[in-house]
Amino acid sequence: MLLLPVPVPGSTRFPSFQLASPILIRHHPHHMFHLWSLSVTTAAAVTNSSQAHLPPIPSSTSTSNSRRRSFDDDQAAVSRYDFSPLLTFLAAKSMPMSSSASSPTSLDPAEFQLAESYRAVPAPLWHSLLKSLCSSSSSDIQLAYAVVSWLQKHNLCFSYELLYSILIHALGRSEKLYEAFLLSQRQSLTPLTYNALIGACARNGDLEKALHLMSRMRQDGYRSDFVNYSLIIQSLSRSNKIDSPIMLKLYREIESESIEIDGQLYNDIIAGFAKAGEPTQAMHLLAMVQATGLSPKTATLVALISALGNCGRVVEAEAIFEEMKEGGLQPRTRAYNALLKGYVKAAQLKDAESIVSQMEKSGISPDEHTYSLLIDAYANAGRWESARIVLKEMEASNVQPNSYVFSRILASYRDRGEWQKSFQVLREMKSSGVRPDRHFYNVMIDTFGKSNCLDHVMATFERMLSEGIQPDTVTWNTLIDCHCKSGHHKRAEELFEEMHQSGCAPCATTYNIMINSFGEQQRWVEVKGLLGKMQAQGLLPNIVTYTTLVDIYGKSGRFNDAIECLEVMKSAGLKPSPTMYNALINAYAQKGLSEQALNAFRVMRADGLKPSLLALNSLINAFGEDRRDAEAFSVLQYMKENDLKPDVVTYTTLMKTLIRVDKFYKVPAVYEEMVLSRCTPDRKARAMLRSALKYMKQTLR
């Protein structure tokens, strides 16, 4: 066994210092990532029932093989006993799981004789019989419960906690979590039954109960084991509920309790951090594990490649991909797709084409996702003909394009403002025999909405309904939002009511859109009414809600209400976002209240938030509106000292400030600095320069 100090991951990277309490890493030279089933683990636990947690995974394949032979021997021994009389007897008299087995006051002679005939059966064979029954149908699980009750009634087996844990495990696997909890109440909870219940909850996606049980387990003086943490992280990944805070919490628990980490758990932790969008932590743990001579699973590396690609760290994703091949792991379709997705996101079209060629040369056929990504890459590059060729290749390879492929093409045109291409995409879609689905229509409605083509928006919506496709919250939100942004607030309000009447419940996003709409109209009574309806529906205001409120109150000069929103948000345990402070600073700036804008900036810094370029530009504007040019230029100096690159808005706002205080002669120097800093002047900046030069020319005459 090798003891290694493991650093706890931080919010942005892992610290380099070593911890006082080590985490134990067990080597699995041949099958590092093999996860034993609960039945094998619990069977091993009987040999050492004094331990407060399940025993560690065997550290060698010889031990694994000996356990397997032992289990096979038990199965052979079971076949030497004829349990059919017992099972027939219990099938006729089986009790429901809610009942309890009490010691008999009187005994039927036939039952007594039956019990005596099984008195010599050793406990491990009862365990094997039980596992065999639990691996069958649900009716056999009921029969297995009857066996446990009967054994307990006649004191024929003494490891009842193991028997109950096997039953709980079987019920969890059969998605009968309620029955598993009922059964657990028959005995006082032990490490074995705790582990079985936690596993059942994790497998059924009830993570709240699983985490609560782990907390209760600690309160009872027991430690969780690596199997529990693996199951929980796997469940989080499957349900897409995984995020950085919960991964960090789980990892710190593992460290603080000195949990013995096996290979499977290490893979789960690395993949968990990757899927939570924290590839830096995942990379650190991967390097640490590899330093011990262990190799990760292919699925773990694929998760890491995908996370790096999503973050734009394509070079590192490439390195992991090549490392996978050098380590003897043959990349499959998922690995190629993960790297391809990174190339598409980074707009590296040649690399995207190259990885698909490599894939085909390796004898791996592209799947639907591969083609979708490649079409996405061509659509983003404006190469519609190339995308059409890929569609033909899909058909030739018997891979049927789906609606999602065409929706991605449509989205790329939407993002470039080419809404007219929507009809071309729709025609191509029909010619391929693909029927538009809800997602496609949602993208199409959004495309027309962003281009302010409200007639096309409603025509698409009507067409969607005529084809029997019911709108969802995304559909309604898009319809309402595009009407609000076009200034058609009355129609947006009507659509909001239609959404209610259709039976589609508004979500937090719907309410945020309507709150912003009423705020722009300064209908403050309606704003409060919406907040009340939102909370009555069980929806709590989120960060976007509070940011919207601060923005609308600030723009209307209702600064006391804006500040109150900030305080209410903090008291609710939510941390204000930089966007919220940007909105408040900008609101003060528009009113020329530079001192209040500066104070909001200070509060933002006190809350531990790093000021963004947007906030600093708003602060420059506030000083400019208040004719405080010296303070405006001090903000520019602050940017330079804190490695924030000024943009065209920064320099244009400074030029506007100088013109406001009649310092026209300084404007050309600011314009020159903007050009030298490789910041391309826009039309507004050039207009300000011309205005300043014209004034200077007039004054020199």
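Residues numbered from 1 in each chain as written. Predicted model: local features only at pLDDT ≥ 70, side-chain atom pairs only at ≥ 80, totals over all residues. Heavy atoms only, no water.

Some words on the overall build of the protein
Consideration 1: The secondary structure content of the protein amounts to 37 helices and two strands.
Consideration 2: A total of 701 residues make up the protein; the buried ones form 50% of that total.
Consideration 3: Long-range pairs, those at least 24 residues apart, make up 64% of the contacts in the protein between residues at least 6 apart in sequence.
Consideration 4: With the model as given, the accessible surface of the protein reaches about 33,200 Å², and the carbon-plus-sulfur share is 51%. (Helix = DSSP H or I, 4+ residues; strand = E, 2+ residues; numbered from the N terminus. Buried < 20%, exposed > 50% of the residue type's maximum accessible area, 1.4 Å probe, protein only. Contact = heavy atoms within 4.5 Å. Areas by Shrake-Rupley, 256 points an atom, 1.4 Å probe, with all protein chains shown as cover.)

What about the pattern of salt bridges?
Consideration 1: Enumeration according to the criterion identifies 26 salt bridges in this entry.
Consideration 2: One salt bridge in this structure joins lysine 325 and glutamate 322, with 3.5 Å as the shortest N-O distance. Here lysine 325 and its partner glutamate 322 are both found in helix H16 (residues 314-326), three residues apart, which amounts to about one turn of the helix.
Consideration 3: Ionic pairing is found between lysine 421 and glutamate 418, a salt bridge with its closest N-O pair at 3.1 Å. (Salt bridge = Lys/Arg side-chain N within 4 Å of Asp/Glu carboxyl O.)

Notes on the packing of helix H29 (residues 543-555) against helix H31 (residues 578-590)
If you want to describe how two helices pack, look at the angle between their axes and the distance between the axes.
Consideration 1: Axis separation between H29 and H31 bottoms out at 8 Å; the angle between their running directions is 5°. Between H29 and H31, the interaxial angle falls into the category roughly parallel. Where H29 approaches H31, its residues Ile543, Tyr546, Thr547, Val550, Asp551, Gly554 and Lys555 are matched on the opposing element by Thr579, Met580, Ala583, Leu584 and Ala587.
Consideration 2: When its residues are assigned to classes, the contact of H29 with H31 shows seven nonpolar, three polar and two charged. (Axes fitted to C-alpha atoms, helices over the stretch in contact; angles between N-to-C directions. Parallel < 35°, antiparallel > 145°, perpendicular 65-115°, else oblique. Nonpolar A, V, L, I, M, F, W, Y, C, P; charged D, E, K, R; others polar.)

Examining the confidence of the model for the protein
Detailed reading of the predicted model is not advised wherever pLDDT is low.
Consideration 1: The pLDDT averaged across the protein works out to 78; a share of 81% of its residues lies at or above 70.
Consideration 2: Ignoring residues within four places in sequence, the model shows residues 1-78, a span with pLDDT below 50, making 156 contacts including any to other chains.
Consideration 3: In this model residues 97-101 is a low-confidence stretch, pLDDT under 50, and it forms 11 contacts with partners more than four residues away in sequence or in other chains. (pLDDT = per-residue confidence, 0-100.)

Here we look at unusual backbone geometry
Consideration 1: Not every positive phi belongs to a glycine, and arginine 627 is a case in point at roughly 60°.
Consideration 2: Along the chain, arginine 627 turns up in the loop between helix H33 (613-625) and helix H34 (629-641).

Quick word on the environment of lysine 533
Consideration 1: Counting through the fold element by element, lysine 533 comes out in helix H28 (residues 524-536).
Consideration 2: In sequence terms lysine 533 and tyrosine 511 are 22 residues apart; their C-alpha atoms lie 8.9 Å from each other.

Comments concerning the side chain of asparagine 512
Consideration 1: Looking at the secondary structure, you find asparagine 512 in helix H27 (residues 508-520).
Consideration 2: Here asparagine 512 falls in the buried class, since its relative accessible area comes to 7%.
Consideration 3: Engagement of the side chain of asparagine 512 in a polar contact is seen with the side chain of asparagine 542, the distance being 3.4 Å.
Consideration 4: Sequence-distant contacts of asparagine 512, defined by excluding residues within four places in its chain, comprise Met534, Asn542, Val544, Thr545 and Thr548. (Polar contact = N/O pair within 3.5 Å; in protein donor to acceptor, adjacent residues only side chain to side chain.)

Comments concerning the packing of helix H22 (residues 421-431) against helix H23 (residues 438-450)
Consideration 1: Running from amino to carboxyl end, H22 crosses H23 at an angle of 160°, the nearest separation of the two axes being 11 Å. Taken together, the axes of H22 and H23 are roughly antiparallel relative to one another. In this structure, H22 crosses over H23, and the sense of that crossing is left-handed. Seen from H22, the contacting residues are Ser422, Phe423, Val425, Leu426 and Met429; seen from H23, they are Phe440, Met444, Thr447 and Phe448.
Consideration 2: Residue composition of the contact of H22 with H23, grouped by class: seven nonpolar, two polar and no charged. (Left-handed = near helix turned anticlockwise from the far one by under 90°.)

As for the nonpolar core
Consideration 1: In this structure, Ile232, Ile269, Ile480 and Leu549 are the most contacted members of the largest nonpolar core, which totals 170 residues.
Consideration 2: Residues in contact with isoleucine 269, not counting those within four places in the same chain, are Ile233, Met247, Tyr251, Ile254, Ile261 and Leu285. (Core = buried A, V, L, I, M, F, W, Y, C linked by side-chain atoms within 4.5 Å.)

Quick look at the packing of aromatic side chains
In this description, a pair of aromatic rings is defined by centroid distance and the angle of the planes.
Consideration 1: Under the counting rule described, the total for this entry stands at 12 aromatic pairs.
Consideration 2: On the numbers, 5.6 Å between centres and 10° between planes, the contact of phenylalanine 83 with tyrosine 118 is stacked. Taken together, the residues span a long stretch of sequence, with phenylalanine 83 in the loop between helix H2 (61-80) and helix H3 (84-93) and tyrosine 118 in the loop between helix H4 (109-117) and helix H5 (123-134) at a distance of 35 residues.
Consideration 3: Plain terms: the ring middles of phenylalanine 423 and phenylalanine 448 are 5.6 Å apart, the flat faces sit at 35° to each other, and that makes the pair tilted. Linking phenylalanine 423 in helix H22 with phenylalanine 448 in helix H23, this pair joins segments that are 25 residues apart in sequence.
Consideration 4: Residue classification places phenylalanine 423 among the partly exposed residues on the basis of a relative accessible area of 33%.
Consideration 5: For phenylalanine 448, a relative accessible area of 0% corresponds to the buried category. (Phe/Tyr/Trp six-rings, centres within 6.5 Å; stacked < 30°, edge-to-face > 60°.)

Concerning H23
Consideration 1: For H23, with 13 residues, the first-to-last C-alpha span of 18 Å sits near the 18 Å given by 1.5 Å per residue.
Consideration 2: Of all 13 residues in H23, 10 are buried; the element is thus mostly enclosed.
Consideration 3: All of the buried residues in H23 are Phe440, Tyr441, Asn442, Val443, Met444, Ile445, Asp446, Thr447, Phe448 and Gly449.
Consideration 4: Where H23 is buried, its residues contact helix H21 (403-415), H22, helix H24 (454-466) and helix H25 (473-485).
Consideration 5: Where H23 begins, the capping side chain belongs to aspartate 437, and its oxygen is found 3.3 Å from the backbone nitrogen of histidine 439.
Consideration 6: Asparagine 452 lies just past H23 and shows a positive phi near 60°. (Expected span 1.5 Å × (residues − 1).)

Let's talk about helix H36 (residues 667-676)
Consideration 1: Among all positions in H36, only Val667, Val670, Tyr671 and Met674 are buried. Each buried residue of H36 lies within a common arc of 100° when the element is viewed along its axis, so the set occupies one face. Summarising the geometry of H36, the exposed residues directed more than 90 degrees from the buried face are Glu672 and Leu676.
Consideration 2: Of the residues trailing H36, arginine 678 is marked for its positive phi of about 60°. (Arc of directions from axis to C-beta.)

Observations concerning the environment of serine 577
Consideration 1: On the secondary structure map, serine 577 appears in the loop between helix H30 (559-571) and H31.
Consideration 2: A relative accessible area of 15% means that serine 577 is categorised as buried.
Consideration 3: Along the primary structure serine 577 and isoleucine 543 are separated by 34 residues, whereas in three dimensions their C-alpha atoms are 7.3 Å apart.
Consideration 4: In contact with serine 577, other than residues within four places in its own chain, are Ile543, Thr547 and Leu609.

Re the state of the cysteines
Consideration 1: In total, this model carries zero disulfides according to the counting rule given.
Consideration 2: Cysteine 484 forms no disulfide, and the closest cysteine sulfur to it belongs to cysteine 482, at a distance of 8.5 Å.
Consideration 3: By relative accessible area, cysteine 484 is classed as buried at 8%. (Disulfide = S-S within 2.5 Å.)

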